[in-house]
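# Inside the fold
Given next are the chains, with one letter for each unit.
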Amino acid sequence: MNFEAVIGLEVHAQLLTKSKIFCGCSTTFGQRPNSAACPVCLGLPGALPVLNREAVNMAVKMILAVDGSVGMTSVFARKNYFYPDLPKGYQISQFDRPIGIGGRIAFEDNGVRKQIRLTRIHLEEDAGKSLHPEGHSEDFTRIDVNRCGVPLMEIVSEPEIRSPREAYLYLHALKQIVEHLGICDGNMEEGSLRCDANVSIRPVGETKLGTKTEVKNLNSIRGVEKALRYEIDRQIAIVSSGDRVEQQTLLYSDADGRCYPMRSKEESHDYRYLPDPDLVPLQLTPNWIATVQRELPELPLNRQDRYVHDLALPRYDAEVLTSSPGLALYFEETLAACPDAKLVANWIMTEVLARVKGNAAGIAGFAVEPARLGRLLEMIRSKAITGKIGKELFECMLADARPVEAIVAEKGLAPIADSSDLGGLIDKVIADHPKEVARYRAGQTKLLAFFVGQVMRATGGRADPAVTNELLRSKLAQSE
Ligand SMILES: [Zn+2]
């Protein structure tokens, strides 16, 4: 029997606000434990939460970017549960009236445009962190409440994802959108982007949903893909042997690529949601939404389409160049100085990315600024220098901040295109290789490349290829 997977993803994105969602405490990552907490974070008696306007703006940005509808009135509720990392005993979240309804995330899968619909987008606060010190994991738990109250945006998809690969592409697209909007840093390792997956299987053609499990603890996009592949195979094996899948929550272990049961699934009504009496319903105005709409940047997929249609770049290049907003900006600024899009794309995807990789400063702090790279590429495009010299120059520019023209002049790297300069050199190359000359004249004209190579070697790559070719051809054609 053939099975298909039914996958829905819940993604928590930590919003890049400076302060928490209901108080003024700092959200900076890696602060001393319990140093960024106040009575509001802890829910102490008398403490009053005040909603952070910036968090609302960011959520609205996301909703508009994915074509969802903004709920003009949304309500915060207390989601009650007892857990050590949540000292006040409830988490403030949105329940039946979220800030965003519907929308979709689109991506490109092998040239096919697909889109996954969204159920909702809502705002909530994060919980704290339990720490189990090495060697004492049985003895005690340490609690760090710095993360309590950090703003989260939860993006819930419809169960329309059909394969681990689609889940990968969906998450990749979502990550790119929040990064382009500047509302989340997209860092899964640091927990800024967290994903839980609901997954079930059913025979192909069946419309009823099978029993689902929930996989948690997914901390990379590849991890999500691997965990889903494991879990789908596990469910298929159970059903194929005549057993039934048990509804449960699983933890994915990256170490061995397997999922382990965590606890039996808590139903959402177990949480006892109650409207938060300290927070009035959030009312948005059309004016507010229009202001956010005006600030929306171009989205990654639209940008890709523009690169493919207007700049005639291959889809692959467009995908690489829009993989981060910083890289797209670098590309466009370089393009402003050199209009050959394919030349610029090639250089950025090879020379630039190879050097930016693993460099903490990233593309924004790269030593060769886009305007300087653009000038260099423009010299190659207009044949003022050869591509080979271009690469040498690029090396120099990594450590030398001067304009490329200054470096060319100082190092004497300008190309030799003067036929009188090249002529003597070519005569010498011809004189030094009588055997090859004879073979060439006997009809082996492919040897021209050999002679060009000799001239290039003698000039350190500075000989203008077109002039060299022409001179060699004419001199080799002359009989002795
Ligand atoms: Zn606080």
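These notes cover the structure that comes with them. Values in this document were obtained by computation on a predicted structure and should not be read as measured data.

## Here's the deal with the overall build of the protein chain
Along the protein chain, the regular secondary structure elements total 16 helices and 17 strands. For a compact globule of 480 residues, the expected C-alpha radius of gyration is about 23 Å, and the protein chain comes in at 30 Å, more than 25% above that figure. When its C-alpha atoms are laid out on the principal axes, the protein chain stretches across 100 × 55 × 55 Å. Evaluated residue by residue, the protein chain yields a buried proportion of 48% over its 480 residues. Of the contacts made within the protein chain by residues no fewer than 6 positions apart, 68% connect residues no fewer than 24 positions apart. Carbon and sulfur atoms form 52% of the exposed surface of the protein chain, whose accessible area is close to 23,800 Å².

## Considerations on the coordination of the zinc ion
For the zinc ion, the protein coordination sphere consists of Cys 23 (SG), Cys 25 (SG), Cys 38 (SG) and Cys 41 (SG), at 2.2 to 2.3 Å. Relative to the metal, the 4 donor atoms surrounding the zinc ion lie at angles of 103 to 120°, and the coordination shape comes out tetrahedral. Between consecutive donor residues of the zinc ion, the sequence gaps follow C-x1-C-x12-C-x2-C. One end of the pair, Cys 23, is in the loop between strand E1 (3-14) and helix H1 (39-42); the other, Cys 41, is in helix H1, with 18 residues separating them in the sequence. In this pair, the class of Cys 23 matches that of Cys 41, namely buried.

## A closer look at unusual backbone geometry
Glycine aside, the phi torsion of most residues is negative, and most peptide linkages are trans. One non-glycine residue, Asn 34, lies in the positive phi region at around 60°. With respect to the helices and strands, Asn 34 occurs in the loop between E1 and H1. Residue Asn 34 is classed as partly exposed on the basis of its relative accessible area of 40%.

## Side note on the packing of aromatic side chains
Inspection of every chain in the model, using the stated rule, returns 8 aromatic pairs. Clustering of aromatic rings is evident, with ring pairs tying together Tyr 330, Trp 347, Phe 366 and Phe 394. Taking NZ or CZ as reference, Arg 53 lies 4.3 Å from the ring centre of Trp 288, over its face.

## Regarding helix H16 (residues 465-477)
Compared with an ideal rise of 1.5 Å per residue, which puts 13 residues at 18 Å, H16 spans 18 Å between its outermost C-alpha atoms and is within 8% of the ideal. If you check which residues of H16 are buried, you get Thr 468, Leu 471, Leu 472, Lys 475 and Leu 476. Projection of H16 onto a plane perpendicular to its axis shows the buried side chains occupying an angular sector of 120°, all on one side. Set apart from the buried face of H16 by more than 90 degrees, the exposed residues are Ala 466, Glu 470 and Ala 477. As for H16, its buried residues are in contact with helix H13 (419-432), helix H14 (434-441) and helix H15 (448-459). You can read the cap of H16 off the contacts: a side-chain oxygen lies 3.0 Å from the backbone nitrogen of Ala 466, and it is on Asp 464.

## A word on the packing of helix H2 (residues 53-65) against helix H5 (residues 286-295)
Packing of H2 against H5 leaves a shortest axis separation of 9 Å and a crossing angle of 65°. Our classification of the angle between H2 and H5 gives roughly perpendicular. With respect to the hand of their crossing, H2 and H5 are arranged in right-handed fashion. Residues Arg 53, Val 56, Asn 57, Val 60, Lys 61 and Leu 64 of H2 lie in contact with H5, whose contacting residues are Trp 288, Ile 289, Val 292, Gln 293 and Glu 295.

## Details of H2
In this model, H2 (13 residues) spans 18 Å end to end at C-alpha, consistent with the 18 Å of a helix rising 1.5 Å per residue. H2 sits mainly inside the fold: 11 of its 13 residues count as buried. Every buried residue of H2 is listed here: Ala 55, Val 56, Asn 57, Met 58, Ala 59, Val 60, Lys 61, Met 62, Ile 63, Leu 64 and Ala 65. The N-terminus of H2 is capped by Asn 52, whose side-chain oxygen sits 2.9 Å from the backbone nitrogen of Glu 54. Taken from the residues just after H2, Asp 67 is the one with a positive phi, measuring 60°.

## Topic: the side chain of Glu 225
Among the secondary structure elements, Glu 225 is positioned in helix H4 (residues 221-240). Exposure remark for Glu 225: the relative accessible area of 11% places this residue in the buried category. Side-chain polar atoms of Glu 225 contact the side chain of Arg 222, separated by 2.6 Å. Excluding anything up to four places from it in sequence, Glu 225 contacts Pro 164, Arg 165 and Tyr 168.

## Description of the nonpolar core
Met 62, Met 153 and Tyr 170 are the most contacted members of the largest nonpolar core, which totals 75 residues. Element by element, the count of residues in this core is highest for helix H3 (residues 164-181), at 10 residues. Once residues within four sequence positions are removed from consideration, Met 153 is found in contact with Val 11, His 12, Ala 13, Leu 15, Ala 59, Met 62, Ile 121, His 122, Val 178 and Ile 183. Listed in part, the 35 residues of the second largest apolar core include Ala 318, Leu 327, Val 368 and Met 379.

## Focus: the pairing of strand E5 (residues 90-94)
In terms of burial, E5 is a largely internal element, 5 of the 5 residues being buried. Both faces of E5 are covered, namely the face carrying Tyr 90, Ile 92 and Gln 94 and the face carrying Gln 91 and Ser 93. Note: strand E4 (residues 76-80) against E5, 5 bridges, orientation antiparallel. The residue bridging Ala 77 from the neighbouring strand is Ser 93, located in E5.

## Details of the side chain of Ser 93
Tracing the backbone through its elements, the reader meets Ser 93 in strand E5. Not counting the four nearest positions on each side in its chain, Ser 93 is found in contact with Val 75, Phe 76, Ala 77, His 122, Leu 123 and Glu 124.

## Things to note about the environment of Tyr 440
Within the secondary structure, Tyr 440 is located in helix H14. Tyr 440 sits in the buried class, given a relative accessible area of 10%. For the pair Tyr 440 and Leu 476, spaced 36 residues apart in sequence, the C-alpha separation works out to 7.8 Å. Beyond its immediate stretch of four places on either side in the chain, Tyr 440 contacts Thr 445, Leu 447, Leu 448, Phe 451, Arg 473 and Leu 476.

## So, the packing of H3 against H4
Close contact between H3 and H4 brings their axes to 8 Å; oriented N to C, the two are set at 155°. Relative to H4, H3 is oriented roughly antiparallel. The hand of the H3/H4 crossing is right-handed. Listed contacts from H4 to Pro 164, Arg 165, Ala 167, Tyr 168, Leu 171, His 172 and Lys 175 of H3 are Ile 221, Arg 222, Val 224, Glu 225, Leu 228, Arg 229 and Ile 232. Residue classes in the contact of H3 with H4 are distributed as 8 nonpolar, 1 polar and 5 charged.

Reading guide: rules and limits
Note on numbering: residues in each chain are counted from 1, in written sequence order. Totals for whole chains, interfaces and linings use every residue, but because this is a predicted model, local features are given only for residues with pLDDT of at least 70 and side-chain atom pairs only at 80 or more, for both listing and counting. Side-chain measures here rest on the full set of heavy atoms in the structure, leaving out hydrogens and waters. Runs of H or I in DSSP of at least four residues are treated as helices and runs of E of at least two as strands, each being numbered from the N terminus. Every radius of gyration here is taken over C-alpha atoms, with the globule rule written as 2.2 Å times N^0.38, N being the number of residues. Note on classification: 1.4 Å probe, protein chains only; a residue is buried when its accessible area is under 20% of the maximum for its type, exposed when over 50%, partly exposed between these limits. Only heavy atoms enter the contact rule, under which two residues are in contact if any of them lie within 4.5 Å. Here, Shrake-Rupley sampling with a 1.4 Å probe gives the accessible areas, and only protein chains in the shown set may cover a residue. Sites may look incomplete because water is not among the atoms; the donors themselves are N, O and S atoms within 2.8 Å of the metal, or within 3.2 Å for Na, K and Ca. A four-donor site is called tetrahedral if each angle lies between 85 and 135 degrees; a four-donor site is square planar, and a six-donor site octahedral, when trans pairs exceed 155 degrees and the remaining angles lie between 65 and 115; all other cases are labelled irregular. Each Phe, Tyr or Trp ring, with Trp reduced to its six-membered ring, pairs with another whose centre is within 6.5 Å; inter-plane angles below 30 degrees give stacked pairs, above 60 give edge-to-face pairs, and intermediate values give tilted ones. A ring has a charge above it when a Lys NZ or an Arg CZ is no more than 6 Å from the ring centre and no more than 35 degrees off the ring normal. How far a helix is expected to stretch is found by multiplying one less than its residue total by 1.5 Å. What the arc covers is the set of directions going from the helix axis to the C-beta atoms. Here a polar contact means two N or O atoms within 3.5 Å. Within protein one must be a hydrogen donor candidate and the other an acceptor candidate, and residues neighboring in sequence count only if both atoms are side-chain atoms. With axes taken as lines fitted to C-alpha atoms, and helix axes fitted only over the stretch in contact, angles between N-to-C directions fall between 0 and 180 degrees. Orientation is classified from the angle alone, with under 35 degrees giving roughly parallel, over 145 giving roughly antiparallel, 65 to 115 giving roughly perpendicular, and any other angle giving oblique. Helix crossings get a hand from a simple test, with the near helix turned counterclockwise from the far one by less than a right angle marking a left-handed crossing and a clockwise turn marking a right-handed one. Residues enter a nonpolar core if they are buried and are Ala, Val, Leu, Ile, Met, Phe, Trp, Tyr or Cys, with the set joined through side-chain atoms within 4.5 Å. The rule for pairing is simple: two strands pair if DSSP sees at least two bridges between them. In this count, Pro and Cys sit with the nonpolar residues alongside Ala, Val, Leu, Ile, Met, Phe, Trp and Tyr, while Asp, Glu, Lys and Arg are called charged and the others, Gly among them, polar.

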